[in-house]
Amino acid sequence: MGFPRRPTVVVYNKSGNGNGDAATSPQKSTKTVEDTVVFPADDDNLCVVDPLCGGTLMKAQHLGDFMKLPKYNNPMLDDEAYGAVGHFIDPDDVVPQTVVHNINKPLSTNLFLRAGPRAQVHFHPNEVKAAIVTCGGLCPGLNTVIREVVMTLWGRYGVRKILGVKNGYRGFYAENLIELNPEVVDGIHRRGGTMLGTSRGGSVTAKIVDAIEYRGINHVYIIGGDGTQKGALAIHEEARKRGIKLAVAGIPKTIDNDVDIIDRSFGFDTAVEEAQHAINAAHVEATSTPLGVGLVKVMGRHAGFIAMHSTLSSRDVDLCLIPEVPFFMDGPGGVIEYIESKLALNNHVVIVIAEGAGQEQVQSHVSGTDASGNKLLADCGLWLATDMKEKFKARGQEICLKYIDPTYMIRAVPSNAADNVYCTVLAQAAVHAAFAGYTGFMVGPVNGRHAIIPIDVATQTSSSVNPQDRMWARLMASNGQPSFAKKGGVQKKK
Ligand SMILES: Nc1ncnc2c1ncn2[C@@H]1O[C@H](COP(=O)(O)OP(=O)(O)O)[C@@H](O)[C@H]1O
Ligand SMILES: O=P(O)(O)OC[C@H]1O[C@](O)(COP(=O)(O)O)[C@@H](O)[C@@H]1O
Ligand SMILES: [Mg+2]
């Protein structure tokens, strides 16, 4: 069953009647989603609820929500790739957040606007001055996204003023911007890292928006993770307060894959593939010596996705330790006992640990945060290596442990084929949505279809491995590792 076209929508202000009961005072409108123009009483974000198809539409803000906008035909109407075949998106098409439903229960899910080019846009190409910035840690695919944003702005929409912000948020006000065009970005996708540079910290919203205003920038493409997207939201809110016509487009980036709502983040696939080299080496080392232990530490501050997927794809990993699943070392049912049993059986064992795992057990002098406010973590891999060696020695067993830390190697490489395709779709979707007048949004795949997601919705929570989810069960089924549930391991399902 398809969604009906052009539903009547009900627009309401989240603050509702002041009692938090938003749905009791809706302002009815018969306009389509993109035509809807509402001037809210306060600065609270808008949502659109109760479309005919059911569910709750989490509508990204539109510049038309708070200013009068001109309308233009999309320059791509004459484009061979789009116009000729009519690939424009019905502005009322939506993507549901959950696709698995029970036939005995009412259908209830969040809906996001479908990403893609609109026939009508609210920026004239000559008027657009775009800026692109990359923030936070590196991730495979950053250069591909930069290239595709430039190519789409330049080639499909005819924009000629495109600027690159150097070294993250602080580059808006502390560095000269660089001009970007197809020649400058030619071939950059073959290199790892970001041609613009990146940094942590420095997201002083007022200074950034001052610089944006001063330079006459009206599109910003902000490529970064959860922290970056919070910064993008702050920029959007400040621009809105100042009444600036500024489209703030977020493109989610994080090697840890911890951005909520989207299926996965770009570069993750490449990172998992890259981690295989380290795991293979650990396996070769471990199987080439008596009582061989191969230990690999991968990134994953609060989310163990890289460790989980690397383990699942490798099949040589006996034990995967992630931040979301507590474990204990000693006594019956503990890690040491499990490793001992594996060594007795196979004479070798391979372990993958995510950098945020077991932090509460690590004795360390590391404290404080990085420049972005992220908690600094102790090296759990080194701790585990030392702890295991000591404990086996005390039992009269000399294990031969090789510790491999490929941390930066898995994120400093160029993106693989699948990630390159993904980056292309993301970048194009961001440009289409900005031209269509959306702002304060992030683009990304939701159940395989690209959507426009309000940043405030996307940054409410971070994504992490759910040990009750079937993926973790699949891992345990695949390598047979225990749950370490005895001493307060995996929490009981509520
Ligand atoms: N809550 C926040 N509000 C505004 N800016 C933030 C916030 N958290 C992080 N930032 C900024 O976003 C940028 C990247 O954040 P960081 O956490 O390092 O990486 P990531 O975006 O990949 O999570 C930094 O410049 C940082 O100052
Ligand atoms: O040493 P750096 O550059 O701060 O990066 C290390 C951190 O970056 C991460 O890859 C996450 O980076 P982001 O928050 O930028 O996505 C973590 O896994 C890791 O702790
Ligand atoms: Mg982050």
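Rules used throughout
Residues numbered from 1 in each chain as written. Chains lettered and ligands numbered in written order. Predicted model: local features only at pLDDT ≥ 70, side-chain atom pairs only at ≥ 80, totals over all residues. Heavy atoms only, no water. UniProt positions renumbered as here; feature names shortened; annotations may be inferred. Helix = DSSP H or I, 4+ residues; strand = E, 2+ residues; numbered from the N terminus. Buried < 20%, exposed > 50% of the residue type's maximum accessible area, 1.4 Å probe, protein only. Contact = heavy atoms within 4.5 Å. Areas by Shrake-Rupley, 256 points an atom, 1.4 Å probe, with all protein chains shown as cover. Near = heavy atom within 4 Å. Polar contact = N/O pair within 3.5 Å; in protein donor to acceptor, adjacent residues only side chain to side chain. Nonpolar A, V, L, I, M, F, W, Y, C, P; charged D, E, K, R; others polar. Pairing = 2+ DSSP bridges. Axes fitted to C-alpha atoms, helices over the stretch in contact; angles between N-to-C directions. Right-handed = clockwise from strand over helix to strand, strands pointing away. Parallel < 35°, antiparallel > 145°, perpendicular 65-115°, else oblique. Left-handed = near helix turned anticlockwise from the far one by under 90°.

- Per an unreviewed UniProt entry, the protein goes by the name ATP-dependent 6-phosphofructokinase and belongs to Cymbomonas tetramitiformis.
- Entered under Sequence similarities (unreviewed entry) in the UniProt record, the comment concerning the protein runs "Belongs to the phosphofructokinase type A (PFKA) family. PPi-dependent PFK group II subfamily. Atypical ATP-dependent clade 'X' sub-subfamily."
- Quoted straight from UniProt, the Pathway (unreviewed entry) entry for the protein says "Carbohydrate degradation; glycolysis; D-glyceraldehyde 3-phosphate and glycerone phosphate from D-glucose: step 3/4."

Concerning the overall build of the protein
Part 1 of the argument: Helix and strand counts for the protein stand at 12 helices and 21 strands.
Part 2 of the argument: Evaluated residue by residue, the protein yields a buried proportion of 54% over its 494 residues.
Part 3 of the argument: Within the protein, residue pairs in contact and separated by at least 24 positions form 76% of the contacts whose partners lie at least 6 positions apart.
Part 4 of the argument: As displayed, the protein has an accessible area near 21,200 Å², and 50% of this comes from carbon and sulfur atoms.

Brief notes about the site of ligand 1
Part 1 of the argument: Residues in contact with ligand 1 amount to 15 residues; listed here are only the nearest, R200, G201, D226, T228 and S372.
Part 2 of the argument: At 2.7 Å, a side-chain N or O of R200 approaches an oxygen atom of ligand 1.
Part 3 of the argument: Here an oxygen atom of ligand 1 sits 3.1 Å away from a polar atom, N or O, in the main chain of G227.
Part 4 of the argument: Relative to its free-state accessible area of 550 Å², ligand 1 is covered by the protein chains to the extent of 82%.
Part 5 of the argument: Split by residue class, the shell around ligand 1 holds 2 nonpolar, 9 polar and 4 charged.

Topic: the sheet that holds strand β18 (residues 400–404)
Part 1 of the argument: Taken in spatial order, the 4 strands of this open sheet run β16-β17-β15-β18, and their pairing is parallel. Looking along the sheet, the strands with just one partner apiece sit at the ends: β16 (319–321) and β18. Within this sheet the neighbouring strands show an average axis-to-axis angle of 15°, counted without direction.
Part 2 of the argument: With 3 bridges joining them, β16 and strand β17 (residues 348–354) adopt parallel strand pairing. The partner of C320 across the bridge, within β17, is V352.
Part 3 of the argument: On top of the sheet, helix α9 (residues 380–394) reaches β15 (292–298), β16, β17 and β18; it is set at about 160° to β15, its chief contact.

Things to note about the UniProt feature "domain: Phosphofructokinase" (unreviewed entry) in the protein
Part 1 of the argument: Under the UniProt annotation, "domain: Phosphofructokinase" (unreviewed entry) lies at residues 130–433.
Part 2 of the argument: From the first C-alpha to the last, residues 130–433 spans 13 Å; its make-up is 41% helix and 15% strand.

Some details on the environment of R301
Part 1 of the argument: By the secondary structure assignment, R301 is in the loop between β15 and α7 (305–314).
Part 2 of the argument: In this structure, the C-alpha to C-alpha distance between R301 and N374, residues 73 residues apart in sequence, is 9.2 Å.
Part 3 of the argument: Those residues in contact with R301, other than ones at most four positions away along the chain, are R200, D256, P323, E355, G356, D370, N374, K375 and L377.

With respect to the side chain of E324
Part 1 of the argument: Within the element layout of this structure, E324 appears in the loop between β16 and α8 (335–346).
Part 2 of the argument: Separated by 2.8 Å, the side chain of E324 and the backbone nitrogen of V465 make a polar contact.
Part 3 of the argument: For E324, the residues in contact, after removing those within four places along its chain, are H302, A303, G304, S464, V465 and P467.

Some points on the pairing of strand β10 (residues 129–134)
Part 1 of the argument: With 5 of its 6 residues buried, β10 lies for the most part within the structure.
Part 2 of the argument: The handedness of the β10 to strand β11 (residues 161–164) crossover, carried by helix α1 (residues 142–156), is right-handed.
Part 3 of the argument: Relative to strand β13 (residues 219–224), β10 runs parallel, the two being bridged by 5 bridges. Counterpart to T134 in the pairing with β13 is I223.

Remarks on the site of ligand 2
Part 1 of the argument: Contacts to ligand 2 come from 13 residues, most closely from G137, D256, E355, Y408 and R411.
Part 2 of the argument: D256 has a polar side-chain atom sitting 2.8 Å from an oxygen atom of ligand 2.
Part 3 of the argument: Within the backbone of G300, one N or O atom sits 3.5 Å away from an oxygen atom of ligand 2.
Part 4 of the argument: Compared with its free state, where it exposes 480 Å², ligand 2 has 82% of that area covered by protein.
Part 5 of the argument: Per-class residue counts for the shell around ligand 2 are 3 nonpolar, 4 polar and 6 charged.

Overview of the packing of α7 against helix α12 (residues 470–479)
Part 1 of the argument: α12 packs onto α7 with a crossing angle of 40° between their chain directions and a minimal axis gap of 10 Å. With respect to α12, the axis of α7 lies oblique. Between α7 and α12 lies a crossing whose hand is left-handed. Contact residues: α7 offers M308, H309, T311 and L312, while α12 offers M471, W472, R474, L475, S478 and N479.
Part 2 of the argument: Of the residues in the contact of α7 with α12, the class split is 5 nonpolar, 4 polar and 1 charged.

Some words on the packing of helix α6 (residues 268–287) against α7
Part 1 of the argument: Direction vectors running N to C along α6 and α7 enclose 60°, while the axes themselves pass 9 Å from each other. In this view, α6 runs oblique relative to α7, as classed from their interaxial angle. For the crossing formed where α6 meets α7, the hand is right-handed. Note on element contacts: α7 touches α6 through F305, I306, H309, S310, S313 and S314, opposite F268, A271, V272, A275, Q276 and I279.
Part 2 of the argument: When grouped by side-chain class, the residues that make up the contact of α6 with α7 number 7 nonpolar, 5 polar and no charged.

Remarks on unusual backbone geometry
Part 1 of the argument: With a phi close to 60°, N167 is a non-glycine residue in the positive phi region.
Part 2 of the argument: Mapped onto the secondary structure, N167 falls in the loop between β11 and α2 (171–174).
Part 3 of the argument: Under the relative-accessibility criterion, N167 is labelled partly exposed at 25%.
Part 4 of the argument: Even without a glycine there, the phi angle at L291 is positive, about 45°.
Part 5 of the argument: Residue position: L291 is located in the loop between α6 and β15.
Part 6 of the argument: A residue is classified by how much of its surface remains accessible, and L291, at 17% relative accessible area, is buried.

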